[in-house]
Amino acid sequence: MARPFWLGTGWKMNKTRSEAAAYCATLEAASDLAVLPLQLFVLPPFTALAEVAAALADTPIMVGAQNCHWAEAGAWTGEISAGQVADCGATLVELGHSERRAHFGETDALINAKVKAALSAGLTPLVCVGETAEERDLDAAAVTVARQARMALSGLVPADAARVLLAYEPVWAIGDGGEPATPAYANAIQGSIKNAVLDLAGQSPTVLYGGSVNPGNAEALALEPEIDGLFVGRAAWQPAGLLALARQVAAVVEGK
Ligand code: PGA
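These numbers were taken from a predicted model, which means no experiment stands behind them.

Looking at the layout of surface pockets
Alright, step 1. Looking at the largest pocket, its volume works out to about 760 Å³.
Alright, step 2. Lining of the largest pocket is provided by 35 residues; of these, Trp-11, Lys-12, Met-13, Gln-66 and Glu-99 occupy positions nearest its centre.
Alright, step 3. Where the lining of the largest pocket is concerned, the elements lending two or more residues are α2 (46–55), α4 (98–103) and β8 (229–232).
Alright, step 4. Per-element tally for the lining of the largest pocket: the top contributor is α4, with three residues.
Alright, step 5. Considered class by class, the residues forming the lining of the largest pocket number 13 nonpolar, 14 polar and eight charged.

Written as structure tokens, this is what we have:
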């Protein structure tokens, strides 16, 4: 396998510090995780970031934040910089999730500024792109995600653009009431995302799929050639859910 297959979860605005610690303890006790052919990651809320990073420091599981600010420091009350995220021991940062685009007015230009800040702080950005329910059509969706992905990488030298991970997360597939994309639909859009940024990154980017991933669809999604990882919400909010998905997916991606 040329590159690892990614599997991880964002906890959104869930979990106290003690709940986070219990989650980490379960992962640490699962000794087989370290040998699975997967790059695992967990994105806790800021309040648990440092503790989760410390708890998982001796495991191969990457830890990241769910957002960061675009400025290095300064008068931005209530915000958290990329440098502060890195200072917590995190190595990843999720940017541009559809909930942030919808509820916090995040634009493609703002997400691009955050990508630059994250890279400057040495973090790996994980940028979410995806079409809305109104754009749910292979052609319309391809246009939207190409714009979002190209804007996210705008102004980066190819070596930096190549460090950015992308996640295809159709808005209509996410969360309660979401309907997972079919593997074929996700594969087609993910292929178009890769083509859209090839010239900017100088290589085919890593593109994860997210949106109602669950034990019933994870294997079929993981087997698609353009799907390089799975980004899971609800189905991995309990550690047993992440562990079950990891074992299930590892068994099918070995040799992909
Ligand atoms: P979900 O969330 O798996 O609960 O649909 C996915 C996401 O928001 O990344």
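The structure having been displayed, the exposition proceeds.
A word on the pairing of strand β4 (residues 92–95)
Alright, step 1. Side chains Leu-92 and Glu-94 of β4 all project onto a buried face; the interleaved residues Val-93 and Leu-95 project onto the opposite face, where all are buried too.
Alright, step 2. Pairing of strand β3 (residues 62–65) with β4 involves two bridges; the strand directions are parallel. Opposite Ala-65, over in β4, you have Val-93 as the bridge partner.
Alright, step 3. Pairing of β4 with strand β5 (residues 124–129), which is carried by four bridges, proceeds in the parallel orientation. Counted as the bridge partner of Leu-95 is Val-127 from β5.

Some words on the side chain of Glu-106
Alright, step 1. On the secondary structure map, Glu-106 appears in the loop between α4 and α5 (108–120).
Alright, step 2. According to the relative accessible area criterion, Glu-106 is buried, its value standing at 7%.
Alright, step 3. Here Lys-114 takes part through its side chain, which lies 2.8 Å from a polar atom of the side chain of Glu-106.
Alright, step 4. If near-sequence neighbours (up to four positions away) are discounted, Glu-106 is found in contact with Asn-67, Gly-96, Arg-100, Arg-101, Ile-111 and Lys-114.

Quick look at the packing of α5 against helix α6 (residues 138–152)
Alright, step 1. It is at 8 Å that the axes of α5 and α6 come closest, and there the two elements cross at 40°. Crossing handedness for the pair α5 and α6: right-handed. Across from Asp-108, Ala-109, Asn-112 and Val-115 in α5, the residues of α6 making contact are Arg-147, Gln-148, Met-151 and Ala-152.
Alright, step 2. Residue composition of the contact of α5 with α6, by class: four nonpolar, two polar and two charged.

What to know about unusual backbone geometry
Alright, step 1. At Lys-15, a position not held by glycine, the phi torsion is positive, near 85°.
Alright, step 2. Here Lys-15 lies in the loop between β1 (5–10) and α1 (17–29).
Alright, step 3. One non-glycine residue, Ser-212, lies in the positive phi region at around 55°.
Alright, step 4. Counting through the fold element by element, Ser-212 comes out in the loop between β7 (207–210) and α9 (218–223).

Some points on the packing of α1 against α2
Alright, step 1. Relative orientation of the contacting elements α1 and α2 amounts to 20°, with a least axis distance of 10 Å. Overall, the two elements α1 and α2 adopt an arrangement that is roughly parallel. Seen along the crossing, α1 lies across α2 with a hand that is right-handed. Here Arg-17, Ala-20, Cys-24 and Glu-28 of α1 come into contact with α2, specifically with Thr-47, Ala-48, Glu-51, Val-52 and Ala-55.
Alright, step 2. Considered class by class, the residues forming the contact of α1 with α2 number five nonpolar, one polar and three charged.

Cut-off values and rules
Residues numbered from 1 in each chain as written. Predicted model: local features only at pLDDT ≥ 70, side-chain atom pairs only at ≥ 80, totals over all residues. Heavy atoms only, no water. 1 Å grid on protein atoms, 1.4 Å probe; cavity = no way out; pocket = protein on both sides within 12 Å on 5 of 7 lines; lining within 4 Å. Points joined across faces, edges and corners; volume = space filled by probe spheres on them. Helix = DSSP H or I, 4+ residues; strand = E, 2+ residues; numbered from the N terminus. Nonpolar A, V, L, I, M, F, W, Y, C, P; charged D, E, K, R; others polar. Buried < 20%, exposed > 50% of the residue type's maximum accessible area, 1.4 Å probe, protein only. Pairing = 2+ DSSP bridges. Polar contact = N/O pair within 3.5 Å; in protein donor to acceptor, adjacent residues only side chain to side chain. Contact = heavy atoms within 4.5 Å. Axes fitted to C-alpha atoms, helices over the stretch in contact; angles between N-to-C directions. Left-handed = near helix turned anticlockwise from the far one by under 90°. Parallel < 35°, antiparallel > 145°, perpendicular 65-115°, else oblique.

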